[in-house]
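Residue-level listing of the chains:
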Amino acid sequence: MNEQSSFHMTPEEFRRRGREVVDWIADYWQRVESLPVLSQVRPGQVRAGLPQQPPAQGESFEAILHDVETVILPGVTHWQSPNFFAFFPANASGPAVLGELLSAGLGVQGMLWATSPACTELETHVLDWLADMLGLPARFKSCGNGGGVIQDTASSASLCALLAARERATGYASNERGCDGRLVAYTSTQAHSSIEKAVKIAGLGRANLRLVEVDETLAMRPEALARRIEEDKLAGLLPCFVCATVGTTSSNAIDPLPEIGRICREKGLWLHVDAAMSGTAAICPEFRHILNGVELADSFCVNPHKWMFTNFDCDCFYVADRAALIRTLSILPDYLKNKATESGAVIDYRDWHIQLGRRFRSLKLWFVIRSYGVAGLQHHVRRHVALAQDFARWVEESSSFALAVRPPLNLVCFRHTRGDGLSSSLLERLNASGSLYLTHTTLNDRFTLRLCVGQTNTEERHVKRAWETICETAKELEKGGPV
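Residues numbered from 1 in each chain as written. Predicted model: local features only at pLDDT ≥ 70, side-chain atom pairs only at ≥ 80, totals over all residues. Heavy atoms only, no water.

## Concerning the layout of surface pockets
1) Next: Estimated volume of the largest pocket: approximately 490 Å³.
2) Next: For the lining of the largest pocket, the secondary-structure elements that each account for two or more residues are helix 1 (11-31) and helix 4 (94-106).
3) Next: Counting residues per element, the lining of the largest pocket draws most heavily on helix 1, at nine residues. (1 Å grid on protein atoms, 1.4 Å probe; cavity = no way out; pocket = protein on both sides within 12 Å on 5 of 7 lines; lining within 4 Å. Points joined across faces, edges and corners; volume = space filled by probe spheres on them. Helix = DSSP H or I, 4+ residues; strand = E, 2+ residues; numbered from the N terminus.)

## Some remarks on a nonpolar patch on the surface
1) Next: On the surface, a cluster of nonpolar side chains totalling about 250 Å² of accessible area is made up of Val22, Leu98 and Leu101.
2) Next: Mapped onto the fold, Val22 is located in helix 1. (Patch = residues over 30% accessible without salt bridge, like charges linked within 9 Å, V, L, I, M, F, W, Y side chains within 5 Å. Areas by Shrake-Rupley, 256 points an atom, 1.4 Å probe, with all protein chains shown as cover. Salt bridge = Lys/Arg side-chain N within 4 Å of Asp/Glu carboxyl O.)

## Section: the side chain of Ser103
1) Next: Looking at where Ser103 falls in the secondary structure, it is placed in helix 4.
2) Next: Judged by relative accessible area, Ser103 falls into the buried class, the value being 6%.
3) Next: Once residues lying within four places of it in the same chain are set aside, the contact partners of Ser103 are Val108, Phe360 and Leu363. (Buried < 20%, exposed > 50% of the residue type's maximum accessible area, 1.4 Å probe, protein only. Contact = heavy atoms within 4.5 Å.)

## A short note on the nonpolar core
Note that soluble globular proteins tend to have their nonpolar side chains buried in a common cluster.
1) Next: Ranked by internal contacts, the top residues of the largest apolar core, which has 67 residues, are Leu136, Leu225, Val242, Phe300, Cys316 and Tyr318.
2) Next: Counting residues per element, this core draws most heavily on helix 5 (residues 117-134), which supplies eight residues.
3) Next: For Phe300, the residues in contact, after removing those within four places along its chain, are Leu134, Leu136, Phe140, His272, Val273, Ala275, Leu291, Val294, Cys316, Phe317 and Tyr318.
4) Next: Residues Val149, Cys160, Phe317 and Tyr349 belong to the second largest nonpolar core, which totals 32 residues. (Core = buried A, V, L, I, M, F, W, Y, C linked by side-chain atoms within 4.5 Å.)

## Examining the packing of aromatic side chains
1) Next: Tallied over the full model, the rule gives 16 aromatic pairs.
2) Next: Taken together through their ring pairs, the aromatic side chains of Trp79, Phe84, Phe87, Phe88 and Tyr437 make up a single cluster.
3) Next: The ring centre of Phe140 lies 5.8 Å from the NZ or CZ of Arg139, which sits over that ring.
4) Next: Over the aromatic face of Tyr172 sits the side chain of Arg327, whose NZ or CZ is 3.8 Å from the ring centroid. (Phe/Tyr/Trp six-rings, centres within 6.5 Å; stacked < 30°, edge-to-face > 60°. Lys NZ or Arg CZ within 6 Å of the ring centre and 35° of its normal.)

## Quick notes on the sheet that holds strand 5 (residues 270-274)
1) Next: In space, the seven strands of this open sheet follow the order 1-7-6-5-4-2-3, with mixed pairing throughout. At either end of the open sheet lies a strand with only one pairing partner, and these are strand 1 (147-151) and strand 3 (209-212). Going from strand to strand, the sheet's axes swing by 20° on average, the running direction of each strand aside.
2) Next: Pairing between strand 2 (residues 183-188) and strand 3: four bridges, direction parallel. Paired with Ala185 across the two strands is Leu209, which belongs to strand 3.
3) Next: Against the sheet, helix 6 (residues 154-169) touches strand 1, strand 2, strand 4 (238-245), strand 5, strand 6 (299-302) and strand 7 (315-319), its axis set at about 175° to strand 5. (Pairing = 2+ DSSP bridges. Axes fitted to C-alpha atoms, helices over the stretch in contact; angles between N-to-C directions.)

Written as structure tokens, this is what we have:
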């Protein structure tokens, strides 16, 4: 069969088209600031621009790239815009995208060490690097009983931690018999919704998740946690898992790890620390205090795909005792057996998470760390925190706005002083303008605006312009202008 009849893209065409796509991405990054941050399309508009049936014959690459520009791009909310201040960062970078491209080109399926030794060993090595960069205890590194693995998201990391906690608490019996309704998990009222999803998936049930009260900083109250655990023990239940958060999604609250850790040690509960976004700040020594007490944790996770310029998805999940995790998740059918695994000298990451198959994710993180260096990453984290603190100061100095809570790092939660109605209308007006994108939460039963600084190319001028736009729009609304 000749090349033309194979329907494959030839290597020469791939070179040419690859350059076109890289050029398109580079051009996109240069112009993304001029695009409406929040997509302006109506529901169903993107699908209406697509053919009802797939093409019977292959189309030209020019036609495909044209439709990216005319059909897909209008339906994209621009997470890489320097004017994106919503949710949390999901920042990318040139080195990360090129690492992702290389991973796709290699096409590795790294479920076992044997299916690509480099995929496993680079991941182990890079996660040990990151542990050192964050100042994590040595017990989380591969040189001891622990180690790290790349999950897709912190949601999967929390689920794996909960499953390991469940099995440890039941002597690994619940994997065989199922849950009996006695297992109980704990987290704060401000924790991520993935914890609730995890208890459902793991079979504990939502009724056995205790949402622990928080203090005035919206951090978990250790004394309330201890009381809840004792109440459940007296009721004949089996407390097994606590998730503490370093940087809650709503407000960036930081749970007191030393106190929570001591309670978990005394009472025999697994402590998982979710530092999905804010954990990246620990790269900087001056922010490393946010992880004080992590040495008492059984597991820990941080998302380089949020604030470390590594494109989605890349969650780094660490355990202090890898044997507990592996025993919980390992299944070895005959078709996966091999000499390397049987030797016990290698890591098979299929035993460290839910799925069997896995991509070569560590390449992009390796590219980022080597390209930026620790100093480069520290520079940007410090800059983002400084810009957020500047914004918080402007809020404090304003008569129209007030802080909802003191921002510890790069997320500012604030409100209009005239109440929830105006704050809500302001958010709607700002996002509809396309000039910036904010999201909201509810703190202490009040509608609260959130501005998070963390995108790759966000600079002082973007934060200043965001504040100016917020103030100008608020003035229009105060005067009774149309919403």
